[in-house]
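# Architecture and fold: a report
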Protein chains: 2
Amino acid sequence: MARIVMKFGGTSMAGIERIRNVARRVKKEVEAGNQVAVVVSAMAGETDRLVGFCREASSLYDTREYDVVVASGEQVTSGLLAITLQSLGVPARSWLGWQLPIRTTDAHASARISTIDTEAMLASLANGEVAVVPGFQGLTEEGRVTTLGRGGSDTSAVAVAAAMKADRCDIYTDVDGVYTTDPRIVPRARKIEKITYEEMLELASVGAKVLQTRSVGLAMKEKVRVRVLSSLRDPDEDVTDAGTYVVGEEEIEEQSVERQLITGIAYDRNEAKITLVNVPDKPGAVSSIFTPLADASINVDMIVQNVSHGTGSTDVTFTVPGAELARSLDVLEKAREQIGYATMTHDTKVAKVSVVGVGMRSHAGVAAMMFQALAQRGINIQAITTSEIKVSVLIEEDYVELAVRVLHTAYGLDAEDEAA
Amino acid sequence: MARIVMKFGGTSMAGIERIRNVARRVKKEVEAGNQVAVVVSAMAGETDRLVGFCREASSLYDTREYDVVVASGEQVTSGLLAITLQSLGVPARSWLGWQLPIRTTDAHASARISTIDTEAMLASLANGEVAVVPGFQGLTEEGRVTTLGRGGSDTSAVAVAAAMKADRCDIYTDVDGVYTTDPRIVPRARKIEKITYEEMLELASVGAKVLQTRSVGLAMKEKVRVRVLSSLRDPDEDVTDAGTYVVGEEEIEEQSVERQLITGIAYDRNEAKITLVNVPDKPGAVSSIFTPLADASINVDMIVQNVSHGTGSTDVTFTVPGAELARSLDVLEKAREQIGYATMTHDTKVAKVSVVGVGMRSHAGVAAMMFQALAQRGINIQAITTSEIKVSVLIEEDYVELAVRVLHTAYGLDAEDEAA
């Protein structure tokens, strides 16, 4: 017997017919002798509808009341899944965020889970009942409803799995696992069987939208074995070997003596590049650029400071999320005098390509191989950032598919057959 | 300063534009110096949508989970009204059923309110905040979500008004008060300024769908002054003298020395008549008819037992709600042998017309006047029931408008001008 958490997203919960498929899949795990808690999202489109109401009511809505409104979507699907499970002969009940409770911080609309009381739920599981828990929602110490921010249901699932010491947390989504890169760009991309939390974090944050970043960070901290697998299969199919496991590094090293150098390649088109020309080359200049951006909660990613031209001034280039470009330009325009730059240019026709792998810790030359492979195809690198397990480059957006394909081959990731 | 409860139904809450009108009306009461709690329904159509999901999930749904699903509709409108009030500069917060809490019995899907803890809410009101409370929902002792049954939000409003000792409970609806009869049938129907709880109960149960019957019963028990008024007026209009007050008899007698004999006339087309021919005229025969119907939770209304024909058998005629006719015929068909009737006939082309008024307690001849007025127009009476303040007759459905008009004139209820 295993204790497992199964998480289903909005597409899987969109309508009773799909909820019935979810219930059949849950039933299969129950019949295999497992204790099961299911974490569910709202029906696809429902959260958008509710958020739309709040925005229409007030552009400056009270996030405490916004949380009351939007948390209702997961309440509905929780009750409906419990009813559907019962109709298949599987005892089940819903446990709302305030019923368990799932305690969170009081940062409404983007709360963080602090503790989950699973005592009553575990007693129910021991009695053979399936627990259905709405994702996304929680309760403050003061007793008010909170939500975790968009995509928070993955985090709910991992947190529930940690609290109930689950053997694994299966995240059902619309892809059948994590791939070495986007199969739409590289048909020979391979599904990864096991990936470390660190690698998944890097891949998640650079554009592979499989798992919410926060949920991976939490899984790493709490050592929750996560599996990503497809919800689109036949509900009765055996999924024992399906999907991609996201686990600790030790579990992977045990099994594969020869690690891949690189685990995956990600890309992100939603970057925008800003260049400030002729910034005074003196102490405090860089700080005067990035402090106002930080104050405006704008995340700056890649930063390149050119060598001084011998004129006492330098050019500074950096990237921000594309959605923050207009706000960033506004902030920098207002700080122009203080920073003292001559002109400001920007470019949205850029993309970031990243190679990720814990293997590069013990191997030199990963970055060099990347630059060489791109140079051979005439792809110009505009900026570079690195972390312990990642190298990212900024390139012209038109080259992004070519770059991904070149790197996928260069690092030996191509499968023999095309991805299904 | 007064302490008031305002209740708005689904039509008033259908969309942000209408919720904004509700908020303007609430603001007006706040600006008049009142402490205000608002009880809201779900958006029109939303509860039907949610009930539809439950039915689609299972024809035999668990009512505990049904309650989780359908209670969400009022949660949404509560949060949205709080946001909208704030956007108009009126401090407000929502108090969900489990937050106050509103304790109910555990009869899921048709729970009854037992207690409401208003301490925290009253502290909030004293701080100048408007309290927004979702109607229809509550919490069992065990901590599970309940709902009060369809139309339960009126009852929530009256219960909240009782618990917070409100000076009045204003029920905003799509009519501007209670009329002496349906103005669509009698253009000279008059709006009633004050009506007793008992009269309202009788009118509500015979077809005037202004207030939910249970809410009137609760208002009577808890002595809550209820007012029914229109939500369709300009939100900024002065409503001090608007609508119909539903109050204790003593408040009416104080003011009007000469009571009307009859307060209102109601009708109900949703009756069906069943006749059992040649039922054995012996002890226990009637019981053998009505016991199986009661066991099937079918409410029998008017009963007529004809005099024995001297043949040792009699005919028994009674009415049931039209929606229960098929089930009633089925029950009686199965009990045929036990009852021992010869044949069974039924008729849905019947209607019940009722005259209601506390004035008839002290006046003889009310029923006689009714029979006489109907007879003069050739309207045949098929059955009669009476209570202390009501006389009802069953007639052929085609005559219902004529009967209502005749009686409205006969009891002197016609206004000089037509109703607006």
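On a predicted model such as this, the values are computed, not experimentally measured, just so you know.

## Observations regarding the domain arrangement of chain A
Residue and element names in this part refer to chain A. Taken domain by domain, chain A comprises domain 1 (3-254) and domain 2 (265-410). A straight line from the C-alpha centre of domain 1 to that of domain 2 covers 34 Å. Listed by partner, the interface residues are 17 residues for domain 1 and 18 residues for domain 2. On the surface where domain 1 and domain 2 come into contact, there are two salt bridges. The residue R361 makes a salt bridge to E249 at a minimum N-O spacing of 2.9 Å. Counting across the interface, domain 1 meets domain 2 through nine residue pairs in polar contact (both at pLDDT 80 or more). The leading source of residues in the side of domain 1 that touches domain 2 is helix α7 (residues 197-205), at four residues.

## What about the sheet that holds strand β6 (residues 130-134) of chain A?
Residues and elements named next belong to chain A. Pairing within the open sheet is mixed, and its eight strands lie in the order β3-β6-β2-β1-β9-β11-β12-β10. Since the sheet does not close on itself, it has two edges, and those belong to β3 (92-94) and β10 (194-196), each with one partner. Strand after strand, the sheet turns through a mean of 20° between neighbouring axes, direction not considered. The sheet contact formed by strand β1 (residues 3-8) and strand β2 (residues 35-40) spans six bridges and is parallel.

## Describing the relation of the copies chain B and chain A
With an RMSD of 0.1 Å, chain B superimposes on chain A once it is rotated by 180° and translated 0.1 Å along the axis. Read as a symmetry element, the transformation amounts to a two-fold axis. Relative to the rotation axis, the closest C-alpha in chain B is found at S72 of chain B, a distance of 2.7 Å.

## Observations concerning the packing of helix α1 (residues 16-31) of chain A against helix α4 (residues 72-87) of chain A
Residue and element names in this part refer to chain A. Taken N-terminus to C-terminus, the directions of α1 and α4 make an angle of 60°; their axes are 9 Å apart at the nearest point. Considering the angle they form, α1 stands oblique to α4. In terms of crossing hand, the pair formed by α1 and α4 is right-handed. Facing I16, I19, R20, V22, A23 and V26 of α1, the residues of α4 in contact are L80, L81, T84 and L85. Its residues assigned to classes, the contact of α1 with α4 comprises eight nonpolar, one polar and one charged.

The rules behind these values
- Residues numbered from 1 in each chain as written.
- Chains lettered and ligands numbered in written order.
- Predicted model: local features only at pLDDT ≥ 70, side-chain atom pairs only at ≥ 80, totals over all residues.
- Heavy atoms only, no water.
- Domains from an automatic or database assignment.
- Contact = heavy atoms within 4.5 Å.
- Salt bridge = Lys/Arg side-chain N within 4 Å of Asp/Glu carboxyl O.
- Polar contact = N/O pair within 3.5 Å; in protein donor to acceptor, adjacent residues only side chain to side chain.
- Helix = DSSP H or I, 4+ residues; strand = E, 2+ residues; numbered from the N terminus.
- Pairing = 2+ DSSP bridges.
- Axes fitted to C-alpha atoms, helices over the stretch in contact; angles between N-to-C directions.
- Least-squares fit on C-alpha atoms with pLDDT ≥ 70 in both.
- Parallel < 35°, antiparallel > 145°, perpendicular 65-115°, else oblique.
- Left-handed = near helix turned anticlockwise from the far one by under 90°.
- Nonpolar A, V, L, I, M, F, W, Y, C, P; charged D, E, K, R; others polar.

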